[in-house]
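Listed here are the chains, written in short residue letters.
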Amino acid sequence: MQKLFYNEFKKTLGVSDAINEYIEVLLRQFERSSYDEASFQELASEFGIRVNDVSPKDAIGKIREYYIVTVFQAFEFFLKQLDGFLREYGIYKENKDSSTPMLKHIHKSLLGMKQTSDTAYLYYLICDYYRLVRNLCAHTDNVKKVQDAYQKLLDRKEEISTLFQKLDAPNKYGNINFDDFILYSRAAKKLAEMYKDNIKYDIDKIVNNYDMKRFCVFRNNSERLRKSVENEIKVKFCMSTETVKNVVDKLVEKV
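These notes cover the structure that comes with them. Note that residues are indexed from 1 along each chain, following the sequence as it is written. Restriction of local features to residues with pLDDT of at least 70 applies here, the model being predicted, together with a cutoff of 80 or more for giving and counting side-chain atom pairs; totals for whole chains, interfaces and linings are based on all residues. No hydrogens and no water enter the side-chain calculation; it runs on all heavy atoms of the structure.

### Thoughts on unusual backbone geometry
Alright, step 1. Here the amide bond leading from alanine 169 into proline 170 is cis, since omega sits at 5 degrees, within 30 degrees of zero.
Alright, step 2. Put simply, DSSP marks the helices as runs of H or I at least four residues long and the strands as runs of E at least two long, and each gets a number from the N terminus on. Mapped onto the elements of the fold, proline 170 is located in the loop between α7 (157-163) and α8 (178-197).
Alright, step 3. Positive phi is not limited to glycine here, since lysine 166 has a value of about 70 degrees.
Alright, step 4. Along the chain, lysine 166 falls in the loop between α7 and α8.

### A closer look at the packing of aromatic side chains
Alright, step 1. Two aromatic rings from Phe, Tyr or Trp, using only the six-membered ring of Trp, form a pair when their centres are within 6.5 Å; if the ring planes differ by under 30 degrees the pair is stacked, by over 60 it is edge-to-face, and anything between is tilted. Per the counting criterion, the structure on display carries 20 aromatic pairs.
Alright, step 2. Aromatic side chains phenylalanine 30 and phenylalanine 40 sit 5.6 Å apart centroid to centroid with 80 degrees between the ring planes, which places their arrangement in the edge-to-face category. One end of the pair, phenylalanine 30, is in helix α1 (residues 2-31); the other, phenylalanine 40, is in helix α2 (residues 37-46), with 10 residues separating them in the sequence.
Alright, step 3. Judged by centre distance (6.4 Å) and plane angle (10 degrees), the rings of phenylalanine 75 and phenylalanine 78 are stacked. Here the residue phenylalanine 75 and the residue phenylalanine 78 both occupy positions in helix α3 (residues 56-89), the gap between them amounting to 3 residues, near one helical turn.
Alright, step 4. Exposure is judged per residue with a 1.4 Å probe applied to protein chains only, and the accessible area is read against the type maximum: over 50% gives exposed, under 20% gives buried, and values in between give partly exposed. Residue class for phenylalanine 75 comes out buried when judged on its relative accessible area of 2%.

### Considerations on the environment of phenylalanine 181
Alright, step 1. Tracing the sequence through the fold places phenylalanine 181 in helix α8.
Alright, step 2. Considered as a pair, phenylalanine 181 and alanine 169 are 12 residues apart in the sequence and their alpha carbons are 8.7 Å apart.
Alright, step 3. Apart from residues no more than four positions distant in its own chain, phenylalanine 181 is found in contact with Asp17, Asn20, Glu21, Tyr67, Ile68 and Val71. Any two residues whose heavy atoms approach within 4.5 Å at even a single point are treated as in contact.

### A few points about the layout of surface pockets
Alright, step 1. Two kinds of site are reported from a 1 Å grid over the protein atoms alone, namely cavities, where a 1.4 Å probe fits but cannot get out, and pockets, open sets with protein on both sides within 12 Å along at least five of seven lines, and residues are called lining when an atom falls within 4 Å of a point. Grid points are joined across faces, edges and corners, and a volume is the space filled by probe spheres set on the points. Taken as a whole, the largest pocket spans an internal volume of roughly 320 Å³.
Alright, step 2. Among the secondary structure elements, those contributing two or more residues to the lining of the largest pocket are α5 (119-137) and α6 (143-154).
Alright, step 3. For the lining of the largest pocket, the element with the highest residue contribution is α5, accounting for 7 residues.
Alright, step 4. Partitioned by chemical class, the residues of the lining of the largest pocket number 9 nonpolar, 2 polar and 6 charged. When residues are grouped by polarity, Ala, Val, Leu, Ile, Met, Phe, Trp, Tyr, Cys and Pro land in nonpolar, Asp, Glu, Lys and Arg in charged, and all others, Gly among them, in polar.

Written out as structure tokens, the structure reads:
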């Protein structure tokens, strides 16, 4: 099951990434042209579009910030799905503090907040910085938070350059570029995979929440019953062989 929404996340992010890449090509083509403010307004009028108050340069900067928003939306949806999955099936502490970002809660629960050279924590710092950039784009956060998060990345710029070579990122808010979007997207994918692979299951939760009614037709065929339940568990959960056996043992007792 966690494979399903992990794959959905990668697919969704892949589509939005491709769209952003398409837009970036158009932006670079435009930047390479000789349009000034007056000629841009003339071009807009040819299409019956009225552009007010924002210069082409400022508009292009904002478009590149919106790349960050698209990654955030896909990643945040994945995190919320993961949160629901963990509450239903995992060994997990409930988040009672509504002010705690979902990213921090998931990371702390599954990997721990290791403020060292740990690569997972570096991915977290990258994603948390761009989460704050997204919030600032939406006017729901303050500049100091973003500046503090950016400084943490500057302190580890060499590590980032080693992990993500040839990227001109991270950049501070106000100078976000295409490489920032690439950095965020790649770090989010890395974290999502780590989260998926570090889920610890609560067997009792699985047994208590699992609907076994549809397997009642096999109650007189213990071998077929066990095989059917086992196959479904393997499809829905990424478990070790031993954990699968323990879960199946308890589930077949319910039929």
